[in-house]
Amino acid sequence: MPRRPRLTGAATAALALGLVAAAPATGTEPPVGDARVVARFDPAAGRTPENIALEPDGSADLTFAAARTVAHVTLNGTTTTRATLPAVADPATPLVRRAVVTGIARAHDGTLYVNYATGTRATGVWRLSPGAAPARIAALPPDGFPNGLALDERRGVLYAADSVRGTVWRVPAAGGPATAWARRTELRPSRAGSFGANGIEVHRGAVWVSNTDRGTLVRLPVRENGSAGAPETLARGLAGIDGFAFPGAGRTALAALNGGNQVVLVRRDGSHTVVLTEADGLAGPTSVAVRGRAVYVPSAAYRAGHGPNLLLARLRYHFGRL
């Protein structure tokens with residue numbers, strides 16, 4: 001009897017979710033399909049998912065912004081609390097006036113990092129080590145709004161997008177002072193009281209940032225010495241863009257358009273196509289994660305008429321280096 005090939009954790013998760021195509025999709029099919037909601041959350045309890053990190057088995061870690069918690073969601077939708085960030089007295093966070101947990105990133109050893117925006121001295125990047133209480137590893141300005149968070153394990157640094165200050169902060173993953181890695185017009189909101197730099201990813205030697213107010217996706221090369229290169233705006237017209245992810249090794253991205261209840265496929269030439277909508281279950285999508293051909297989309301339902309959720313869909317194409 002022939003031996004079965006050994007499956008990786010990601011492949012096992014994809015099989016469990018029914019996300020592996022039996023044959024290559026044809027070019028006439030939509031690039032994303034088979035969407036279904038796997039977990040629903042209670043907004044009255046502050047369970048509004050803002051950002052997502054994936055575990056090796058395909059389960060997800062979500063930040064519940066208003067509840068100040070990080071939750072774990074299994075493949076069958078079971079949700080448990082991993083950690084709760086400490087309450088602060090008189091939060092004065094810009095734009096929202098309450099303490100919120102926003103971006104999240106996961107290291108290979110299982111350590112989670114999150115942004116905590118409070119409008120107080122508790123604002124900063126926090127580390128959640130397995131079996132340990134949350135600990136702040138870097139302070140960020142209380143009058144800013146740290147939003148998306150990305151980890152570059154090769155360099156040992158985190159990048160935090162500040163939606164108010166139009167800044168990308170760089171923080172040692174081991175802890176230490178934050179430095180303003182990039183301050184650019186392209187990262188600032190065009191109007192007072194709006195969100196500028198929001199989602200952030202490290203991809204192909206660059207830091208990529210979405211600007212919600214400007215509706216743009218911006219690429220900042222990382223120079224050999226670690227400094228930021230000149231920004232390049234790669235896509236425009238992405239109204240309400242929030243988090244995003246890359247389905248392959250190229251410049252094609254999947255982006256959540258929060259206000260429009262859409263996920264769009266953004267091509268390397270800057271054009272974009274809607275691939276998921278409210279009809280698929282979106283309710284104010286806030287971020288995107290991709291593992292193999294599995295697409296994860298949390299919705300916070302900040303303005304939607306139905307509740308927050310976590311949606312799973314399937315990529316029908318292999319994007320490679322597109």
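Because the structure is a prediction, the values reported are computed rather than measured.

Calculation criteria
Residues numbered from 1 in each chain as written. Predicted model: local features only at pLDDT ≥ 70, side-chain atom pairs only at ≥ 80, totals over all residues. Heavy atoms only, no water. Phe/Tyr/Trp six-rings, centres within 6.5 Å; stacked < 30°, edge-to-face > 60°. Helix = DSSP H or I, 4+ residues; strand = E, 2+ residues; numbered from the N terminus. Buried < 20%, exposed > 50% of the residue type's maximum accessible area, 1.4 Å probe, protein only. Pairing = 2+ DSSP bridges. Axes fitted to C-alpha atoms, helices over the stretch in contact; angles between N-to-C directions. Salt bridge = Lys/Arg side-chain N within 4 Å of Asp/Glu carboxyl O.

Digging into the packing of aromatic side chains
Inference 1: Summed over the entire model, instances satisfying the criterion amount to 7 aromatic pairs.
Inference 2: Here the aromatic rings of tyrosine 116 and tryptophan 126 are separated by 5.9 Å at their centres, their planes lie at 80 degrees, and the arrangement is edge-to-face. Placement of the pair is tyrosine 116 in strand E7 (residues 112–117) and tryptophan 126 in strand E8 (residues 124–128), with a sequence separation of 10 residues. The exposure classification of tyrosine 116 matches that of tryptophan 126, with both residues buried.
Inference 3: Aromatic side chains phenylalanine 244 and phenylalanine 246 sit 5.9 Å apart centroid to centroid with 90 degrees between the ring planes, which places their arrangement in the edge-to-face category.
Inference 4: Taken together, the ring pairs in this structure connect Trp208, Phe244 and Phe246 into an aromatic cluster.

Topic: the sheet that holds strand E20 (residues 262–266)
Inference 1: An order of E18-E19-E20-E21 is seen for the 4 strands of this open sheet, with the pairing classed as antiparallel. Taken across any chain shown, the strands that pair with only one partner, and hence form the sheet edges, are strand E18 (241–245) and strand E21 (272–276). For this sheet the average axis-to-axis angle between neighbouring strands, irrespective of direction, equals 30 degrees.
Inference 2: As paired strands, E18 and strand E19 (residues 253–257) are joined by 3 bridges and run antiparallel to one another. Bridged to phenylalanine 244 within E19 is alanine 255.

Re the pattern of salt bridges
Side chains carrying opposite charge are able to pair once their charged atoms draw close together.
Inference 1: Scanning the model with the defined rule gives 10 salt bridges in all.
Inference 2: Arginine 314 is the partner of aspartate 34 in a salt bridge, and the nearest nitrogen-oxygen pair spans 2.8 Å. On the criterion of sequence distance, the pair formed by aspartate 34 in strand E1 (residues 32–40) and arginine 314 in strand E24 (residues 309–315) is long-range, its members being 280 residues apart.
Inference 3: On the accessibility criterion, aspartate 34 (43% relative accessible area) is partly exposed.
Inference 4: For arginine 314, a relative accessible area of 12% gives the class buried.
Inference 5: With a closest N to O distance of 3.9 Å, arginine 155 and aspartate 152 form a salt bridge.
Inference 6: Since its relative accessible area comes to 11%, aspartate 152 is described here as buried.
Inference 7: One salt-bridge network, held together by shared partners, links Glu55, Asp61, Arg82 and Arg106.

Here's the deal with unusual backbone geometry
Inference 1: Backbone geometry places aspartate 90, a non-glycine residue, at a positive phi of 50 degrees.
Inference 2: One can find aspartate 90 in the loop between strand E5 (79–84) and strand E6 (100–106).
Inference 3: Exposure remark for aspartate 90: the relative accessible area of 69% places this residue in the exposed category.
Inference 4: Notably, asparagine 261 is not glycine yet its phi reads approximately 55 degrees, a positive angle.
Inference 5: Following the sequence through the fold, asparagine 261 ends up in the loop between E19 and E20.
Inference 6: According to the relative accessible area criterion, asparagine 261 is buried, its value standing at 13%.

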